[in-house]
Amino acid sequence: MTTIPPWLTLTGANGSVTACEFVQGGKRDCLVVGLDNGLVLCWDLATKKVIWQQKERRGNKVQGIKTFSNNKRETLVGIMTRNDMFQVYNLTNVVGKQPKCEFDEQTTANGKEEEEEEEMIVFPAMEFEMKMRSLSFCPLVCTRVWDRTYCFGYASSENEFATMLGGEWKIQTVKNEPCGMVMTAEMLSIQKSGNTFVFVGYESGHVSLFEIVNKGLLIEPKKVLEMKVSEGPVVSLGYSTTKNTLIVGAADNKLRIFKNKGESEEEFDFGLVKEIETEDVMVSQISVREGAACNFASAFGDNITRVYSHKGRLLAHLEGHADSVVSICHSKPLHHVSLSVIETRTHIPGILLATGSKDCTVCLWSLYNDNFLG
C-alpha cells in the first residue's frame, strides 16, 4: 500500500466541493466543480486557472454535475441544485467539441479538435432549464445509452427514483416503498443492445436493479432483481463493466464487492466476493476507473481517499485534504495537459483522479500511468 501526495491542489473555492466532473473536448481538458453555496467553477487544467463560473440564483447547494454531448458533438454540462433545478449549459466554446467515435462517420485519432470549426458562442449559454420534483441528497447519475443519447437519473424526497433522456427530458419514476429512502444510484449501459439499467441503493440496506431504457427508448422502469447487501443504509455504488463487479459502500462502514456470474451482459446473478472493513469511517462516493487494470477509488469521511484493485486489494492512501472528502471522479485520457511536474511542455498522457472536500479544495492525483497503478 502506497501513500502519495496530490499532483495538484486547486484552491480558491469559498465553499465545500460537493460535486466534480471532468469536462474534456477538442480544445481543453477542464474540471468543473460545484460548491455548497451554489457556485460552479470551471478550471482549465493546463493553465490551472478558472475560466468560467456560474452562481445558482439563490445560492443553493450544487448536488450533481454530469457532462454529455448531442448529435452535433457539442459539449454539454448538466447541473442539479438543491432548489430542485436542473440546468444544461453549452461549454463547447470553452473545451471544444467531442471527438468523433464509433457511431460517427469518421474517427479522430488523437481526440483533438478538427481544423474546421463552426462559429461558436462567446460565453457558455444555458441550453435548458427544468424544475424537478423535490430532490433528495442522492447524487445525479448519467450514462450514454448509445449514439449521442444520454440517460440521467436522480432521486426525490418522496422516495422515488426518476430517469429521463437528454433532449427529450421526459421523466419516468419508480417507487420501492418497502425499502424506504433512495440513498444512491449507479447506471449501467449495454452499448450493443441500447438497453440501460440502474442500480438503486436504499436506506433499508437493499440494492434494486431496474431496466429503464430498452433499445434506446425510455420505458416504465422494470425491476430485474433486488438483494439485501447491508444491515445499514447503502450510501454509495460503483459498477465496473470491464470486470462485471458491483461495489457497494454502506453505513455499517464496510465496502462490499459483488461479482456478476450471469452468462451474458444482461443476465444478472451477483455473489459476494469481498468484504472490506473501512476503519470505522463511512465511504461517501465511489469512482471506477475502467480498463485492463481496473481500479476504484473511494472517498471517505476521515479526509482520506483509498484506491483499491477491482478485487478489493488496497493500493494507495491519498492524503491531501483537511476535512471529509465528499466528491470524486476520474478523467478520460488527457490530450491537452502534461502530467510532468518538471517539463510542462512535454506531453505526458494519463488519467487524473479528482477529489473534492469540505475543506474547500480539490486535489488532483496522477495515479494511472506507466510508473504507478497501471
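Residues numbered from 1 in each chain as written. Predicted model: local features only at pLDDT ≥ 70, side-chain atom pairs only at ≥ 80, totals over all residues. Heavy atoms only, no water.

(A) Highlighting the sheet that holds strand β19 (residues 234–240). Ordered in space as β19-β20-β21-β22, the 4 strands form an open sheet in which the pairing is antiparallel. Looking at strand neighbours, the two that pair on one side only are β19 and β22 (270–277), the edges of this open sheet. On average, each strand axis in the sheet is inclined to that of its neighbour by 20 degrees, with strand direction left out of account. Two strands pair when backbone bridges link them, and β19 and strand β20 (residues 245–250) are joined in this way by 6 bridges, in the antiparallel orientation. Among the inter-strand pairings, Tyr-239 is bridged to a residue of β20, identified as Leu-246. (Pairing = 2+ DSSP bridges. Helix = DSSP H or I, 4+ residues; strand = E, 2+ residues; numbered from the N terminus. Axes fitted to C-alpha atoms, helices over the stretch in contact; angles between N-to-C directions.)

(B) Molecular detail of the side chain of Ser-16. Note that Ser-16 resides in the loop between β2 (8–10) and β3 (17–24). Dropping the residues within four chain positions of it, Ser-16 is found in contact with Gly-34, Leu-35, Asp-36, Ser-357, Lys-358 and Cys-360. (Contact = heavy atoms within 4.5 Å.)

(C) Just empty space enclosed by the protein, in detail. Counted by the stated rule, this structure contains 1 cavity of 30 Å³ or more. Every residue lining the largest cavity is listed: Gly-38, Val-40, Gln-54, Glu-56, Ile-79, Thr-81, Gln-87 and Tyr-89. Within the residue set of the lining of the largest cavity, elements represented by two or more residues are β8 (75–81) and β9 (85–90). Its residues assigned to classes, the lining of the largest cavity comprises 3 nonpolar, 4 polar and 1 charged. (1 Å grid on protein atoms, 1.4 Å probe; cavity = no way out; pocket = protein on both sides within 12 Å on 5 of 7 lines; lining within 4 Å. Points joined across faces, edges and corners; volume = space filled by probe spheres on them. Nonpolar A, V, L, I, M, F, W, Y, C, P; charged D, E, K, R; others polar.)

(D) Representation of the pattern of salt bridges in the model. If you walk through the whole model with that rule in mind, you get 8 salt bridges. Salt-bridge contacts for Asp-44 lead to Arg-28; the nearest nitrogen and oxygen are separated by 3.0 Å. Of the two residues, Asp-44 is situated in strand β5 (residues 39–44) and Arg-28 in the loop between β3 and β4 (29–35); the sequence distance between them amounts to 16 residues. Judged by its relative accessible area of 29%, Arg-28 is partly exposed. The partner of Arg-256 in a salt bridge is Glu-275, with the nearest N and O atoms 3.0 Å apart. Taken together, the residues Arg-256 in strand β21 (residues 254–260) and Glu-275 in strand β22 connect sequence positions 19 residues apart. Each of Asp-252, Lys-254, Arg-256, Glu-275 and Glu-277 takes part in one network of salt bridges that share partners. (Salt bridge = Lys/Arg side-chain N within 4 Å of Asp/Glu carboxyl O. Buried < 20%, exposed > 50% of the residue type's maximum accessible area, 1.4 Å probe, protein only.)

(E) Local environment of the nonpolar core. Phe-22, Leu-31, Val-33, Leu-352, Ala-354, Val-362 and Leu-364 are the most contacted members of the largest nonpolar core, which has 22 residues in total. Apart from the residues lying within four places of it in its own chain, the contact partners of Leu-364 are Pro-6, Trp-7, Leu-8, Leu-10, Phe-22, Leu-31, Leu-45, Leu-352, Leu-353 and Ala-354. Membership of the second largest hydrophobic core comes to 19 residues, among which are Cys-179, Val-182, Val-198 and Val-213. (Core = buried A, V, L, I, M, F, W, Y, C linked by side-chain atoms within 4.5 Å.)

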